[in-house]
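# Chains, contacts and geometry: an overview
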Amino acid sequence: MLIINLSSISFLLQDQFDNLATHTQKGIDFFERFGNFIRDRSAIEVEYALKLRRLVKNYQPKKSKEDEENEFSSLIAFKNVLKEVADLAGQREVVAENLQNQVLQGIMLLAKILREERKKALNQGAGLTQSLHTQIGTLDRAKRSYEKAFREAEKAIESYHKADADFHLSRADVEKQRVNMNIRNSQSEDAKSEYANQLQITNKQQQQHYQIALPEVFNKLQELDEKRTRGMKEFIKRAADVEYEVSPIIARCLEGMVKAADSINEKDDSMIVIEKYQSGFQPPGDIPFEDLSKPDPDAANNSQTHNSSTGLNHMTGKGTTKDKLKKRVGIFGIFTGNKNNLTTDGLKEDFSDLPPTQRRKKLTAKVQELQQKVAQEQAASDGLMKMKGVYEANSMLGDPRTVEEQLNESVNRLDRLRHELLRYQKLLEQANNQTFIQHSPQSNRVIQNGQRSSRHSNGSSNHENSHDDNGEDHPDDAGSLSRSASESSVQQAQNGLNINNNGSSASPESGLGTSHTSLPGSGQGSTNEQPMNEEYYEADAPLGTCRALYPFDATSEGSIPMSEGEELQVIEVDQGDGWTRVRRFSSKGWEEGFVPTSYIECTLYA
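Residues numbered from 1 in each chain as written. Predicted model: local features only at pLDDT ≥ 70, side-chain atom pairs only at ≥ 80, totals over all residues. Heavy atoms only, no water.

## A look at a nonpolar patch on the surface
Taken together, the side chains of Leu-55, Tyr-59 and Phe-78 make up a nonpolar region of the molecular surface, amounting to roughly 300 Å² of accessible area. Residue classification places Tyr-59 among the exposed positions, given a relative accessible area of 52%. (Patch = residues over 30% accessible without salt bridge, like charges linked within 9 Å, V, L, I, M, F, W, Y side chains within 5 Å. Areas by Shrake-Rupley, 256 points an atom, 1.4 Å probe, with all protein chains shown as cover. Salt bridge = Lys/Arg side-chain N within 4 Å of Asp/Glu carboxyl O. Buried < 20%, exposed > 50% of the residue type's maximum accessible area, 1.4 Å probe, protein only.)

Structure below.
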């Protein structure tokens, strides 16, 4: 500012009014330019946020069911980074919005107020100046009138003295000059008085103008200019505060990116790839030595057959494509028949076009999915049965016939789901049996004289052909089948599947009942009535013992009652559903079922 104390040096600034007007105008223009800067910056923030969101959208990984099941830690981390970038875009939008609402609007409003105050102060100053100029003009006119009257009075006096000294003039002429002199003197005195009066008024107004009125105008201009400067300071700070407010969130976004990077585990990603592409095929055996010095037609034929199959194994063991795997499946006959409908993933319903390991995973997931569907449908059917019973007990609540159709449909759906569950459980059991056969000692055939020999359970060896007509390996004797079934049951228990002899779910919450009576048409009675055979217990060896802490009354199908303090055998631990599978020997023979885990105290074998 040009003004420090206008009241003390106002007499030096009467010619600076226009300069102050120009200065304040430039100051307001600069303030509005700062507002334009905030507006353009806000637009850049909005554009930046929009481009960040477009970037996140363009690089968002496409979703697929397979990827959701087996997501790599690097992919999950990248998704988290994209989320954090989207949050950053949101914070830039917050910055832009706050700049517009809290800074730009305030600048525009203050600039408008400053312009109005400046206009009012300038108008006031112009009015005071005009009033002073008008008074000075009046003073000039009074002074000119006084000067004119004074000269005329002097001239009249001179004319009177001349006339009085001239003896040739008559007394009347002298008297006339004297009267004229008096009139002129009187007019001169009046003009003098008017001039003195206007001079007094002008001096007073001029004094008030330069000491009071004009300094007030200058003070107003100074105040509005200081207000502009102070507003500039405040709005710059407010713009910085807008950034400070989002900086903790931005810092958390950056911390989230670092955390996402730290969550990447290359070993886990490698295991996902292994689990995803693990086929389960056995590597080819050693290529036998062909002694050409001992010709043997049969051995040569068998050797050629073995070489062709071994070569094929060697070819397919090096990372085959999907088409090659399909051909390989047909050669080895590992899976069941290939006349199946395709699923939504383009696979067969029994997943026979997949490698053994992948097929077991798909079958296991399918069994679990069907178990959930059966449990849901069973719950819906039970609800309809209760509703029907309520309607039958009180006809005022509703007609039971309206529920019968829904109940029949639910029962039909439940039967279909149970049959489908049974089918997939059998497929899973077959897949597990085949896997056991491939890994069992009986499957490790030794080439002797161009023929395959297998070691029986009794220690003798028999010679047989390598494959049957379908190209499928068969177990050598009944003992190997029994052991493979036992191994299958153990593998199923390790996989967390409650699969019994007929392939049904063993959980009492699934709605399928116990392991012998869950599915219709199984041809077996309740587990509480039928003793278990010894071959079954070879697969389900007890895992430990348990003691009943409280008495339990079996109210649902699949559970067995127990009394307090009773000792039972644990054949399957709690899988997370709150039930433990136990068995005991009673007068009716061996019986098994489920009891609440919280009702027993278990002691498992080491």
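## A look at the nonpolar core
Counting residues in each nonpolar core, the largest one holds 30 residues, and the members touching the most others are Phe-31, Ile-38, Leu-99, Val-103, Ile-107, Leu-221 and Phe-235. Contributing elements (two or more residues each) for this core: helix H2 (17-58), helix H4 (73-165) and helix H5 (171-262). Among all residues touching Phe-31, those that are not within four sequence positions of it are Ile-107, Leu-110, Ala-111, Leu-114, Arg-228, Gly-231, Met-232 and Phe-235. Of all hydrophobic cores here, the second largest spans 13 residues; its members include Leu-363, Val-374, Leu-414 and Leu-417. (Core = buried A, V, L, I, M, F, W, Y, C linked by side-chain atoms within 4.5 Å. Helix = DSSP H or I, 4+ residues; strand = E, 2+ residues; numbered from the N terminus. Contact = heavy atoms within 4.5 Å.)

## Looking at the pattern of salt bridges
In this structure the tally under the stated criterion is 23 salt bridges. Of the charged contacts, one joins Arg-115 and Asp-29 as a salt bridge, the two residues approaching to 2.9 Å between their closest N and O atoms. With Arg-115 in helix H4 and Asp-29 in helix H2, the pair connects residues that are 86 residues apart, well separated along the chain. Overall, the relative accessible area of 30% leaves Arg-115 in the partly exposed class. The partly exposed category is assigned to Asp-29, whose relative accessible area is 35%. Linking Glu-243 and Arg-92 is a salt bridge whose minimum nitrogen-to-oxygen distance equals 3.1 Å. Highlighted residues: Glu-243 in helix H5 and Arg-92 in helix H4, separated in sequence by 151 residues. The network of salt bridges with common partners includes Arg-41, Glu-45, Arg-92 and Glu-243.

## Quick notes on the sheet that holds strand S8 (residues 600-604)
Here 5 strands make up an open sheet; going across it, the order is S7-S6-S5-S4-S8 and the pairing antiparallel. Only two strands of the sheet have a single partner each, and these edge strands are strand S7 (589-596) and S8. On average, each strand axis in the sheet is tilted by 35° relative to the strand beside it, whichever way the strands run. Sheet topology note: the strand S4 (residues 544-548)/strand S5 (residues 567-572) ladder contains 4 bridges and is antiparallel. Each bridged residue has a counterpart across the sheet, and for Gly-544 the counterpart in S5 is Val-570. (Pairing = 2+ DSSP bridges. Axes fitted to C-alpha atoms, helices over the stretch in contact; angles between N-to-C directions.)

## Here we look at the packing of aromatic side chains
What the rule picks out here adds up to 9 aromatic pairs. A centroid spacing of 6.2 Å and a plane angle of 40° characterise the contact between Tyr-146 and Phe-150, whose relative ring orientation is tilted. On the criterion of helical spacing, the pair formed by Tyr-146 and Phe-150 is a turn pair, its members being 4 residues apart in helix H4. Look at Phe-150 and you get partly exposed, because its relative accessible area is 36%. When the ring of Tyr-550 is compared with that of Tyr-599, the centres are 5.7 Å apart and the planes differ by 75°; the resulting orientation is edge-to-face. With Tyr-550 in the loop between S4 and S5 and Tyr-599 in the loop between S7 and S8, the pair connects residues that are 49 residues apart, well separated along the chain. Classification of Tyr-550 by relative accessible area gives partly exposed; the value is 46%. For Tyr-599, a relative accessible area of 30% translates into the label partly exposed. (Phe/Tyr/Trp six-rings, centres within 6.5 Å; stacked < 30°, edge-to-face > 60°.)

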